[in-house]
Amino acid sequence: MRKDKGDMELAIEVPQPRLRAVPSEPVQHPVDDSPSDAQLLARVGERDREAFEILYGRYVRPVFGLALRRLGDRGHAEDAVQEAFAAIWRSASTYRPERGAAGGWLYTVARNAIVDRLRRMGPTVDAELPELASVEPGPAQRAEDSDVAWRVHRALEDLQPREREVIELAYWSGMSQSEVAQYLHLPLGTVKTRTRSALARLASMLEGEL
Amino acid sequence: MNRDRNLDELIGADTTGAERERLQRAHDMLLEAGPPPELSPKLEEGPTLGMTLQRRRAVKRRAMLLLAATLAIVGVFLAGYAVANRGGSSPSAVKSLALEGTVVAPNAQATLEVWQSNADNWPMTLTAVGLPPLPEHRYYEVYLVRHGKPWGACGAFRAPENPQQPVTVTLTAPYTLRKGDSWVVTRPGTGAAEPGKTVLRPAPVTA
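Residues numbered from 1 in each chain as written. Chains lettered and ligands numbered in written order. Predicted model: local features only at pLDDT ≥ 70, side-chain atom pairs only at ≥ 80, totals over all residues. Heavy atoms only, no water.

Trainee: Help me understand the overall build of chain B in this model?
Mentor: Each helix and strand counted, chain B has 5 helices and 8 strands in total. Tracing chain B from N to C terminus, the helices and strands come up as α-α-α-α-α-β-β-β-β-β-β-β-β. The 207 residues of chain B split such that 32% are buried. Once local pairs closer than 6 in sequence are excluded, the contacts in chain B between residues at least 24 apart make up 53%. Carbon and sulfur atoms provide 56% of the accessible area of chain B, an area that totals close to 12500 Å². (Helix = DSSP H or I, 4+ residues; strand = E, 2+ residues; numbered from the N terminus. Buried < 20%, exposed > 50% of the residue type's maximum accessible area, 1.4 Å probe, protein only. Contact = heavy atoms within 4.5 Å. Areas by Shrake-Rupley, 256 points an atom, 1.4 Å probe, with all protein chains shown as cover.)

Structure, rendered in structure tokens:
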């Protein structure tokens, strides 16, 4: 028997995810009419602070995520973010679009800043060697994981807020799609359609060079 | 904890063929990437002043050499001036700084001159124009910036009703100044809903 909405709300204990604010009105997609990363980098090279703020908004999560994975400490990772963006500000004028995508250049600059900080932190492992082989991923695997996370987190920034919200809920809130639908007060079909649309846009972004 | 996700559960089973494979790849990458990190309030605020105060080393080195040469010339000139005018001297700024408006006050600009100290009290003269007037009992504040962050208050002032009218105020930095110190002017916030904002910050040095 189908339950009405009130019953559903009592029956399901929905976890409350922490999400970024979503505007109440639909917003235009930012990709088409917003400057590309390469254009922003060129402007930052000319000391355009507004361009730097836009670039920061697009990349602060990927940079912080990368720093967290490499450094394993939020405090050090925050400092590394500061250093990475300071390096981007200093070096933006050296970026040459013909040599590669802006996303790759930013990844390299951020990674170098993080590695510099890692070196300054000094050795953190015990001197004794472990008796068993580590099950942790090796450097190559970690680098690949970092690259995937960087690209995915960067692409998420270009989704519409409503699309990003449904992806975050669907993948990382622990809720089922029925629970997501209830949480957003939307029909289940709308949630699935929105998830599919967001996934399709993510797929397009991830297939191309960021 | 996240439940295992399969694509059918998330989008239904209607999509097939090549499109389905595209979505599956994006789905797999999302699972592999994990959630984006939650930012601290500090990182959420946006770029800090410290990020843009740092300059390229080569430029900095050249600027330091130029500054040293300038200081040497000024020193020689001042020594000569002092010798020629024993007993009567006028003050000269030990540091001059051009400030430019942020997005909060894009039309604002200012100059800040720091004069010779007296027992670590550094008198300063700020001349600003283009700052919008603030409501009653609210003041612009001048902060010494150290390591990229507001470090010490140097005084407060009000802007004229007509933003085109320059305002000149005398302030004091009662601190031991260090190399690299800088200044910003901030506008007060209205509590948690609207934090204070930087309205003037050092203009970039053009080579």
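Having put the structure on the table, let's press on.
Trainee: Can you walk me through the packing of helix α10 (residues 188-207) of chain A against helix α2 (residues 17-33) of chain B in this structure?
Mentor: How two helices sit against one another is set out by the angle between their axes and by the gap between those axes. At a closest axis distance of 8 Å, the pairing of α10(A) and α2(B) adopts a crossing angle of 85°. Judged by the inter-axis angle, α10(A) sits roughly perpendicular to α2(B). Where α10(A) abuts α2(B), its residues R196(A), L199(A), A200(A), L202(A), A203(A), S204(A), L206(A) and E207(A) lie against E19(B), R22(B), L23(B), R25(B), A26(B), H27(B), M29(B) and L30(B). Split into classes, the residues belonging to the contact of α10(A) with α2(B) amount to 9 nonpolar, 2 polar and 5 charged. (Axes fitted to C-alpha atoms, helices over the stretch in contact; angles between N-to-C directions. Parallel < 35°, antiparallel > 145°, perpendicular 65-115°, else oblique. Nonpolar A, V, L, I, M, F, W, Y, C, P; charged D, E, K, R; others polar.)

Trainee: Hey, could you run me through unusual backbone geometry in this one?
Mentor: The bulk of non-glycine residues show a negative phi, and the bulk of peptide bonds are trans. Here the phi dihedral of H185(A) falls at roughly 55°; this positive angle occurs in a residue that is not glycine. When its relative accessible area of 55% is taken as the criterion, H185(A) is described as exposed. The residue H147(B) is not glycine, and still its phi comes out positive at about 55°.

Trainee: Got a minute to help me understand helix α8 (residues 161-172) of chain A in this structure?
Mentor: Working note: α-helix, 3.6 residues per turn, so residues spaced by three or four point in the same direction. Its 12 residues place the ends of α8(A) 16 Å apart at the C-alpha level, agreeing with the 16 Å of an ideal helix rising 1.5 Å per residue. Regarding α8(A), the residues found buried are P161(A), E163(A), R164(A), E165(A), V166(A), I167(A), E168(A), L169(A), A170(A), Y171(A) and W172(A). (Expected span 1.5 Å × (residues − 1).)

Trainee: What exactly am I supposed to notice about the pairing of strand β7 (residues 182-187) of chain B here?
Mentor: Looking along a regular strand, one sees the side chains alternate between the two faces of the sheet. Residue and element names in this part refer to chain B. Buried residues dominate β7, accounting for 5 of its 6 residues. Here strand β4 (residues 140-146) pairs with β7 via 5 bridges, running antiparallel. Bridge pairing in β7 links Y143 to V184. The sheet contact formed by β7 and strand β8 (residues 197-202) spans 3 bridges and is antiparallel. If you follow T186 over to β8, its bridge partner there is T198. (Pairing = 2+ DSSP bridges.)

Trainee: Before we go on, may I ask you to explain the side chain of H27(B) in this structure?
Mentor: One can find H27(B) in helix α2. At a separation of 2.6 Å, a polar atom in the side chain of H27(B) contacts the side chain of Y171(A). (Polar contact = N/O pair within 3.5 Å; in protein donor to acceptor, adjacent residues only side chain to side chain.)

Trainee: I tried to follow the packing of aromatic side chains on my own but got confused; where do I start?
Mentor: The description of an aromatic ring pair rests on the distance of the ring centres and on the angle between the ring planes. All names here are of chain A. For the structure on display, the rule yields 9 aromatic pairs over all chains. Summarising the aromatic geometry, the rings of F52 and F85 are spaced 6.2 Å apart at their centres and angled 75° between planes, so their arrangement reads as edge-to-face. Pair noted here: F52 is in helix α4 (residues 49-71) and F85 is in helix α5 (residues 74-91), with a separation of 33 residues, a long-range link. Looking at F52, the relative accessible area reads 1%, which means it is buried. Residue class for F85 comes out buried when judged on its relative accessible area of 1%. Chaining the aromatic ring pairs together yields one cluster made of F52, Y56, F85 and W89. (Phe/Tyr/Trp six-rings, centres within 6.5 Å; stacked < 30°, edge-to-face > 60°.)

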